[in-house]
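# Per-entry structural report
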Amino acid sequence: MSDELIRLEREGPVAVVLLNRPKQLNALSGELMAALVETLRQLDEDRDVRAIVVGGNERAFAAGADIAELAAGTAISLYENRRIDAWDAIRAVRTPLVAAVSGFCLGGGCELAMLCDLIVASESATFGQPEINLGVLPGAGGTQRLTRAVGKAVAMDMILSGRTLSAREALGFGLVARVVAREAWLAEAKRVAADIAAKSPISVRLAKEAVDKAFEAPLAVGVEFERRAFYLARASDDATEGLNAFVEKRLPEFRGT
């Protein structure tokens, strides 16, 4: 993990991962993506981490890919260096990911935010997939995830014309979960992550997988997955604790077993 490219903080069961290329508006270089993937991998294996916040700084979550790297690459080098595989590794993280977005969230930055499980946005946030302005198109899932989030019409507008969305527009179209005051973008994301971390990690991870299935599989397959996930969650000690705590009118103590 690179201390220069990634800032890592811990607040109890919540880990906060901040991209740290401020001069480049957190442009997603290959080195930065490698550091991010490795950091998330380590955190995902830590049983004491129950939620992860991914953020940038007040000016930018991430303004896009590193254009200099992209311009220097060829179709073959981009294929052979397998950097886009990093996106699959982030998608595979089982711990809930909360994107804390302030300022620019464009191109690869928007794709990264959409890989997270929910987005908390500052009222200053701007979302877009402006790759068309450079003669290319989104290559890390943008055409697919954005369409599922905001619908075909708005996705076509954003991807073909380069239209950007304000935070309030993104909320209205279903791209983000919450919009908060400019100064509260990180604090609110941490609070949401803490709320998630207070739940049973078993049921949270299973619920995350079930919701993802709603986007990736036919309804019947998703419902069947949900049913099996429910049975598996009920078999956990956490479920017994949660149900008994409700009956006994006390707060549950979830242990992740």
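Anyway, here's the lowdown on the structure attached to this text. Predicted model only: the values in this text are computed from it and were never measured.

Per the stated rule, a full pass over the model turns up one aromatic pair. Between Lys213 and the ring centre of Phe225, over which it is positioned, the NZ or CZ distance is 4.8 Å.

Grouped together as the largest cluster of nonpolar side chains are 48 residues, with contacts concentrated most on Leu36, Leu40, Ile52, Phe61, Val101 and Phe127. Broken down by element, this core gets its largest block of residues, six residues, from helix H1 (residues 30–44). Ignoring any residue separated from it by four or fewer positions in sequence, one finds Leu40 in contact with Val17, Ile52, Val54, Ile90, Val93 and Leu97.

So, about the pattern of salt bridges. Scanning all chains against the criterion turns up 20 salt bridges. One salt bridge connects Glu169 with Arg163, and the closest N-O pair in it is separated by 3.7 Å. Judged by its relative accessible area of 33%, Glu169 is partly exposed. When its relative accessible area of 27% is taken as the criterion, Arg163 is described as partly exposed. Put simply, Arg227 and Glu224 hold a salt bridge, and the shortest N to O gap is 3.5 Å. Pair noted here: Arg227 and Glu224 are both in helix H11 (residues 219–234), with a separation of three residues, about one helical turn. Taking the relative accessible area as the measure of exposure, Arg227 reaches 41% and is therefore partly exposed. Judged by its relative accessible area of 30%, Glu224 falls in the partly exposed class.

A few words now on the side chain of Asn26. Within the secondary structure, Asn26 is located in the loop between strand S2 (14–19) and H1. For Asn26, the side chain forms a polar contact with the main-chain nitrogen of Arg21, separated by 2.7 Å. In contact with Asn26, not counting residues within four places along its chain, are Leu19, Asn20, Arg21, Leu32, Gly56, Asn57, Ala60, Phe61, Ala62, Ala63 and Gly64.

This paragraph deals with the sheet that holds strand S7 (residues 118–122). Strand order in this open sheet of six strands is S1-S2-S3-S5-S7-S10, and the pairing throughout is mixed. Since the sheet does not close on itself, it has two edges, and those belong to strand S1 (6–11) and strand S10 (178–180), each with one partner. Averaged over neighbouring strand pairs, the angle between their axes works out to 20° when direction is ignored. As paired strands, strand S3 (residues 51–55) and strand S5 (residues 97–101) are joined by four bridges and run parallel to one another. For Val54, the partnering residue across the bridge sits in S5 and is Ala99. Strands in contact with helix H9 (residues 185–197) are S1, S2, S3, S5, S7 and S10; relative to S5, the strand with the most contacts, it is inclined by about 170°.

Cut-offs used in this document
- Residues numbered from 1 in each chain as written.
- Predicted model: local features only at pLDDT ≥ 70, side-chain atom pairs only at ≥ 80, totals over all residues.
- Heavy atoms only, no water.
- Phe/Tyr/Trp six-rings, centres within 6.5 Å; stacked < 30°, edge-to-face > 60°.
- Lys NZ or Arg CZ within 6 Å of the ring centre and 35° of its normal.
- Core = buried A, V, L, I, M, F, W, Y, C linked by side-chain atoms within 4.5 Å.
- Buried < 20%, exposed > 50% of the residue type's maximum accessible area, 1.4 Å probe, protein only.
- Helix = DSSP H or I, 4+ residues; strand = E, 2+ residues; numbered from the N terminus.
- Contact = heavy atoms within 4.5 Å.
- Salt bridge = Lys/Arg side-chain N within 4 Å of Asp/Glu carboxyl O.
- Polar contact = N/O pair within 3.5 Å; in protein donor to acceptor, adjacent residues only side chain to side chain.
- Pairing = 2+ DSSP bridges.
- Axes fitted to C-alpha atoms, helices over the stretch in contact; angles between N-to-C directions.

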